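Understanding the architecture of this molecule
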Amino acid sequence: YKAKRAGGGHVAYRRDDDQESRRRLELTAALRRDAGTDAMVLHYQPKLDLNSGVVRGFEALVRWEHPSLGRLFPDVFLPMAEQNGLMPALTHNVLSQAIRQCAQWHADGHPVSVAVNASATDLRFEQFPQHIAELLDLHGLPARALTVEITETMMLTDCPATERVLDRLTAMGVDVSIDDYGTHHSTLSYLRRLHTARELKLDRSFIADLLTEARSATIVRSTIDLCHALNIIVVAEGVEDANTLDKLREWGCDLAQGYHIGRPGPADEVTRWLGAIPFGDAGVTVFGDPGL
Ligand code: C2E
Ligand code: MG
Ligand code: MG
Ligand code: MG
């Protein structure tokens, strides 16, 4: 009340504030309506195998096609979904779409794999593996064609439920991948518990400057070696140029993703690529080789 009486500036500020909170409420209501529908669209980004030069897998990245605001990216609506209890519905929708699409590619003769990002909420939910098993069964996709990407922090919090979920996924034959590796703390104690993980994705902040920063280069090289000694596959995230890709290949990195290899694109674009069309202006990628 004081602020309101004090003068025009404060009143104006309050009005902006109200507008902002009304806007957020509207967006939350729209997300509640759309989280489980086809308004959530998956774009797929290729994962390039550096040994063979072939893409055998794609990561599904969710976009929200909002009726009036247009395409919204995960950084805008994932925190909102998390705060409003909408993550289970969203994740189920994403898994369902990704598994159905991947099964379709298999049916077309392209036995590629698909990776889906999970949130911390998903991993605490004990029915999560069972839901995945049902979706795999429904669409007839083998479990080995699915990867679930989780971030470091999800494993650091000592949570028995999360551990059971990860063990169950591994037992089912679903690969667990550690996303954005290196951006959080206590990565060594964490590596010791990595027996449930098949793959580790080195965060793009290390990849971005590995050609110019000797320390980043050392971290990347030694992480690749460490992972290989632990029998873990290494993926480089965010590769944006050919020289970086060459270095990673030279250092024995297994897989790479990034704008240089391929930007995330809608399913029909991937379907066209999979029709054995070589793509990428640097000619680094050939799609459609079987042998998952
Ligand atoms: P992420 O899983 O680490 O995905 C990589 C992000 O980096 C994607 O952003 C991708 O578009 C972007 N990216 C790929 N290559 C490059 C590159 O060369 N340079 C740069 N600068 N960026 C690159 P996006 O799609 O905005 O997703 C952001 C994050 O949102 C993801 O990070 C993931 O943590 C989360 N996310 C995306 N889809 C889902 C989902 O379906 N469920 C959940 N729970 N999280 C999701
Ligand atoms: Mg990811
Ligand atoms: Mg990542
Ligand atoms: Mg990252």
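Here, the structure is the one placed above.
A brief report on the enclosed structure follows. Only a predicted model underlies this, so the values are computations on that prediction, with no experimental measurement involved.

Points about the coordination of the magnesium ion (ligand 2)
At this site the magnesium ion (ligand 2) is bound by Glu59 (OE), Asn117 (OD1), Glu149 (OE) and Asp179 (OD), with donor distances of 2.0 to 2.2 Å. Here the magnesium ion (ligand 2) and the magnesium ion (ligand 3) are spaced 3.9 Å apart, and both take Asp179 as a donor. Pair noted here: Asn117 is in strand S4 (residues 113-117) and Glu149 is in strand S5 (residues 146-151), with a separation of 32 residues, a long-range link. The exposure class assigned to Glu149 is buried, which follows from its relative accessible area of 1%.

Here's the deal with the site of ligand 1
Taken together, the neighbourhood of ligand 1 is formed by 21 residues, with Arg63, Asn117, Asp179, Glu240 and Tyr259 sitting nearest. Within the contact set of ligand 1, a nitrogen atom lies 3.4 Å away from a side-chain nitrogen or oxygen of Arg204. In the environment of ligand 1, an oxygen atom lies 3.1 Å from a nitrogen or oxygen atom belonging to the side chain of Glu237. When ligand 1 sits alone it has 800 Å² of accessible area, and the protein chains cover 82% of it. Going through the elements one at a time, strand S2 (54-66), helix H3 (74-83) and strand S6 (175-181) are the ones with two or more residues in the shell around ligand 1. Per-element accounting of the shell around ligand 1 gives the leading share, four residues, to S2. Taken together, the residues that form the shell around ligand 1 break down as nine nonpolar, five polar and seven charged.

Overview of the pairing of strand S7 (residues 199-202)
Judged by which residues are buried, S7 turns out to be covered on both faces: Glu199 and Lys201 on one side and Leu200 and Leu202 on the other are all buried. Note that S6 and S7 share three bridges and pair parallel. Directly across from Ser177, in S7, lies its bridge partner Glu199. Relative to strand S8 (residues 233-236), S7 runs parallel, the two sharing four bridges. Within the sheet, the bridge partner assigned to Leu202 lies in S8 and is Ala236.

Quick notes on the packing of helix H6 (residues 128-139) against helix H8 (residues 160-172)
Interaxial distance between H6 and H8 falls to 9 Å at its minimum, and their mutual angle equals 25°. Accordingly, the angle class assigned to the pair H6 and H8 is roughly parallel. Of the residues in H8, those touching H6 at Phe128, Pro129, Ile132, Ala133 and Leu136 are Val165, Arg168, Leu169 and Met172. Residues of the contact of H6 with H8, tallied by class, amount to eight nonpolar, no polar and one charged.

Details of the coordination of the magnesium ion (ligand 4)
Angles between donor atoms at a metal ideally measure 109.5 degrees for a four-coordinate tetrahedral arrangement and either 90 or 180 degrees for a six-coordinate octahedral one. On the protein side, the magnesium ion (ligand 4) has Asp180 (OD), Asp203 (OD) and Glu237 (OE) as donor atoms, found 2.2 to 2.5 Å from it. Counting along the primary sequence, the residues that act as donors to the magnesium ion (ligand 4) give the motif D-x22-D-x33-E.

Some details on unusual backbone geometry
The phi dihedral of Asp180 is positive, around 55°, even though this residue is not glycine. Structurally, the position occupied by Asp180 is in strand S6. Phi angles above zero are rare outside glycine, and Asn231 is one such case at about 65°. The class for Asn231 is exposed, based on a relative accessible area of 60%.

Reading guide: rules and limits
- For every chain, the first residue of the written sequence is number 1, and numbering continues from 1 along that sequence.
- Starting at A for chains and at 1 for ligands, labels are handed out in the order in which the entities are written.
- Local features in this predicted model are restricted to residues whose pLDDT is 70 or higher, and side-chain atom pairs enter the listing and the counts only when it is 80 or higher, whereas totals over whole chains, interfaces and linings include all residues.
- In computing side-chain properties, one takes all heavy atoms of the structure into account and sets aside hydrogens as well as water.
- For Na, K and Ca the donor cut-off is 3.2 Å, while for other metals it is 2.8 Å, and in both cases only N, O and S atoms qualify; water is not among them, so sites may look incomplete.
- A helix here means a DSSP run of H or I that spans at least four residues, while a strand means a run of E at least two residues long, and both kinds are numbered starting from the N terminus.
- For every residue, the accessible area (1.4 Å probe, protein chains only) is compared with the maximum for its type, and the residue is labelled buried under 20%, exposed over 50%, or partly exposed between those bounds.
- One heavy atom within 4 Å of a molecule or strand makes the whole residue count as near it.
- Two N or O atoms form a polar contact when they lie within 3.5 Å of each other; inside protein one atom must be a possible hydrogen donor and the other a possible acceptor, and for residues adjacent in sequence the pair counts only when both atoms belong to side chains.
- To be clear on the numbers: accessible area is Shrake-Rupley with a 1.4 Å probe, and residue cover counts the displayed protein chains and nothing else.
- Under the grouping applied here, Gly and all other residues not named as nonpolar or charged are polar, the nonpolar ones being Ala, Val, Leu, Ile, Met, Phe, Trp, Tyr, Cys and Pro and the charged ones Asp, Glu, Lys and Arg.
- In this analysis, strands are considered paired if DSSP registers two or more bridges between them.
- What counts as an axis is a line fitted to C-alpha atoms, over the stretch in contact for a helix, and the angles between N-to-C directions run from 0 to 180 degrees.
- Relative orientations are named as follows: roughly parallel for angles under 35 degrees, roughly antiparallel for angles over 145 degrees, roughly perpendicular for angles from 65 to 115 degrees, and oblique for any other angle.
- Two residues form a contact once any of their heavy atoms are found within 4.5 Å.

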